[in-house]
Amino acid sequence: MTAPAATLSAIAVCAVGAGASLVLSRQRTAAGWTAFAAITGSAALVGYAAIRVLIGGPDPAQTFLTVPSWGSALRVHVDGLSALFLLLVAGVAVPASLYSLGYMPHYREYGVARYYPYLLLFVAGMYGIVTTTDQMLVFFGFWQLMTLPSFVLIRYEHRRPENIRAATRYLVMMEMACAVILAGTWLLAAPQPDAHAGEAVARFDVEDLAAALPAALQGQPGLTGLAFTLLLVGFGIKAGMWPFGQMWLPDAHPAAPSPVSALLSGVMIKTGVYGVLRTFIWMIPADALPVFPGPGWGAVIATLGTVTLFVGTAQALAQDHAKRLLAFSSIGQVGYILLAVGAAVALAGRAAAAPDAVGLAALALAGALFHTVNHAAFKSLLFLNAGAVISATGTQDLNRLGGLVRHMPVTAAAALVASLSIAGVPLFNGFASKWTITVAAVLGSRHAGYLAVCGIAAVLTSVITLALYLKFFGVTFLSRTSTTVERRAAQGRLDIGLPMRAPQVALAAACVALGLVPHLAYRLIETVVAAGGHGLAARLAVPIAEPADGALAFARLRIADGHALFAPVAVAAVLAILLLVAHGISRLGAAPRRPVPAWLCGYARESDVHRYTARGFYGVVRQFGWINGAARPTADEGRVR
């Protein structure tokens, strides 16, 4: 079976599974296991397609249906970039569907007929959007298959007016993004003779768009620039790029059930990143590079990415609502990816004048792809952590949580790994990709000075991210036990079950593995770029694959004429030895320890007013209107989401 056929079969499996889960929807458990089996089967098919491409190279694109009068065709192609995103979708969809088996029974007021079928269609739409080569009619179909089911899932608790508003806003923004992308594609398409139609019709296949680009850039630079602007705006809306992300993402992601939130934030917004990569790096043909204004577009994308990462993360500081905090944080993390993409485009565009810029552009592209993988892992994990807490306690209000580490140790450990990963702490995966992006930006500033400012902003924002997750993890798990947690513990309602614990452990293990052995990810990226790269991607594939050229040595990241070295396993070994020494010294002291109640300044009774709550963190940031304006008052809904 070819990779395109396997991908289309996976979409069909999801569609059949959606029908079967709808038929079985009166039996929650049967419907859930049916959906899980369908998603697992589809994941096996797309996994086969992706591995086939990454090992043996891409199969020729396959056309399954044509619409000559529209210049469109159901043409599926799986190259390296598509293979990576297929793996991401499958890698998050499987744990999310397993997690749903333990999570959905908490929704006693709502049936699963509006959950499992739409979850399967949502996953099918994402499979299609990253493999179709037609950028008009078929793209529109897969976009709707991705958007409409996710709209239904966001408004799953449809009796809550705020969820209806969030879902409606999401739908409007996604349809607006679709319209803008189609308009940009239409401007890029050049009419070509068609034997069936008898007249010239526009071709919307990626290959046709790429073939027409050199002439369009030379003959109509203004119109082509407008087309690229529309494509950047459309895919930027989907990715959550500033200022569009603030318009829909912080309301939509918290409204959905937590497994859906993991898919929305972990992979769905990455389809916007996929579109930016496909447009600005993969679609530009080699003969268009001399006339493509790469440095200008790179500066625009890198600047927007820097603003996105800083503003999204800063606004997250003001949130006391767990999933809303995570949603704003997702905006910030997408900013890192866009910064890296912009740096890659800008530096590749300067290769003619500065040959060493190609190596740094390759490093930036590697950082963008690596952080895309990492964000899918740790952000989906964080939403599953939040869902476990919400399921156990019945609230998303961080001010009402505390002391859960004693009652939910597995969730606490997984949340700690995810928090350290997203904050970019060494030995976790977020550090490896952020470090790559920062090094590429700082060293690339010799060719584009503004990249130094972008790189410094990225480092400072990582500090803010660490402060943000100190708040999230600290008030949820480490602070003194809250009244809400005590009451739920007394009722025996803090056990979440194996189907909800296992996905968290698996994703946490992935975060640790990618942090300790990052060269495995770089090897994957090398293969991704080499498997069917075109244009800028083809140019950057050479320095990525040949570290002797001075661009990227996967074991130690040798960069240009300098060295940026990081050996995670060696660092972990040194830290382990130092911890053992410190433990031994503490044991030599043999100081007695005794547990005593906290001294409350003379107050005899302990209560919630004596705890540090989320509202007590970073109160000074609320003085800034653009930060505090993003906050929402949190009320205890008593509902699980």
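Each residue is numbered by its place in its chain's sequence as written, counting from 1. Side-chain atom pairs in this predicted model are given and counted only at pLDDT of 80 or more, local residue features only at pLDDT of at least 70, and totals for whole chains, interfaces and linings cover all residues. With hydrogens and water excluded, all non-hydrogen atoms of the structure serve as input to the side-chain values.

### Section: the nonpolar core
The following threshold applies: We define a nonpolar core as any set of buried Ala, Val, Leu, Ile, Met, Phe, Trp, Tyr and Cys residues linked to one another through side-chain atoms lying within 4.5 Å. For every residue, the accessible area obtained with a 1.4 Å probe (protein chains only) is divided by the maximum for its type, and the residue is called buried under 20%, exposed over 50%, and partly exposed between those limits. Strands here mean DSSP runs of E at least two residues long; helices mean DSSP runs of H or I at least four residues long; both are numbered from the N terminus. It only takes one pair of heavy atoms within 4.5 Å for two residues to be counted as in contact.
Within the largest apolar cluster, 211 residues are counted, with the highest numbers of intra-cluster contacts made by Tyr127, Trp248, Leu263, Leu277, Ile281 and Leu369. Ranked by the residues each element gives to this core, the list is headed by helix α14 (residues 357-393), at 25 residues. Apart from the residues within four sequence positions on either side, Trp248 is in contact with Arg169, Tyr170, Met173, Met174, Ile237, Lys238, His253, Met268 and Ile269.

### A short note on the side chain of Ser97
In this structure, Ser97 sits in helix α3 (residues 80-103). Overall, the relative accessible area of 1% leaves Ser97 in the buried class. Beyond its immediate sequence surroundings of up to four residues, Ser97 is in contact with Phe36 and Ile39.

### Observations regarding the pattern of salt bridges
The cut-off we apply is this: By convention in these notes, a salt bridge is any Lys or Arg side-chain nitrogen within 4 Å of a carboxyl oxygen on Asp or Glu.
The full count for this structure, using the stated rule, is 11 salt bridges. Asp59 is paired through a salt bridge with Arg52; the nearest N and O atoms lie 2.7 Å apart. Judged by its relative accessible area of 32%, Arg52 is partly exposed.

### Points about the packing of α14 against helix α17 (residues 450-478)
The cut-off we apply is this: Only C-alpha atoms enter the line fits that serve as axes; for helices the fit covers just the stretch in contact. Angles between N-to-C directions range over 0 to 180 degrees. Angle categories are assigned with fixed cut-offs, so that under 35 degrees is roughly parallel, over 145 is roughly antiparallel, 65 to 115 is roughly perpendicular, and the rest are oblique. Note on convention: near helix rotated counterclockwise from far helix by under a right angle means a left-handed crossing. Clockwise means right-handed. Charged residues are taken to be Asp, Glu, Lys and Arg, nonpolar residues to be Ala, Val, Leu, Ile, Met, Phe, Trp, Tyr, Cys and Pro, and polar residues to be all remaining types, Gly included.
Running from N to C, α14 and α17 point in directions that differ by 25°, and their axes come no closer than 12 Å. By the angle between their directions, the pair α14 and α17 is classed as roughly parallel. As α14 packs across α17, the resulting crossing turns out to be left-handed. Contacts from Lys379, Leu382 and Val389 in α14 reach Tyr469, Phe472, Thr476 and Phe477 in α17. When the residues that make up the contact of α14 with α17 are grouped by side-chain class, the tally is 5 nonpolar, 1 polar and 1 charged.

### Details of the packing of aromatic side chains
Heads up, the condition is: Pairing of aromatic side chains requires ring centres within 6.5 Å, counting the rings of Phe and Tyr and the six-membered ring of Trp. Pairs whose planes differ by under 30 degrees are stacked, by over 60 edge-to-face, and all others tilted.
Under the criterion given, the structure shown has 19 aromatic pairs. Measuring from ring centre to ring centre gives 5.1 Å for Phe370 and Tyr522, while their planes differ by 70°; the resulting arrangement is edge-to-face. Taken together, the residues span a long stretch of sequence, with Phe370 in helix α14 and Tyr522 in helix α20 (residues 518-530) at a distance of 152 residues. A single burial state applies to Phe370 and to Tyr522, both of which are buried. Ring pairs connect the aromatic residues Tyr99, Tyr103, Tyr107, Tyr110, Tyr115, Tyr116 and Tyr156, which therefore count as one cluster.

### Side note on the pairing of strand β2 (residues 72-76)
Quick note on the threshold: Whether two strands pair depends on DSSP finding at least two bridges between them.
Taking burial as the measure, the 5 residues of β2 include 4 buried ones, the bulk of the element. Sheet topology places strand β1 (residues 62-67) next to β2; 5 bridges connect them, and they run antiparallel. Residue pairing in the sheet places Val67 in a bridge with Ser72 of β2.

### So, helix α9 (residues 245-255)
Within α9, 9 of the 11 residues are buried, which leaves it mostly tucked inside the rest of the structure. Residues of α9 that are buried: Gly245, Trp248, Leu249, Pro250, Asp251, Ala252, His253, Pro254 and Ala255. For α9, the secondary structure elements touched by its buried residues are α5 (137-154), α6 (161-188), α8 (221-239), α10 (258-268), α13 (322-349) and α14.

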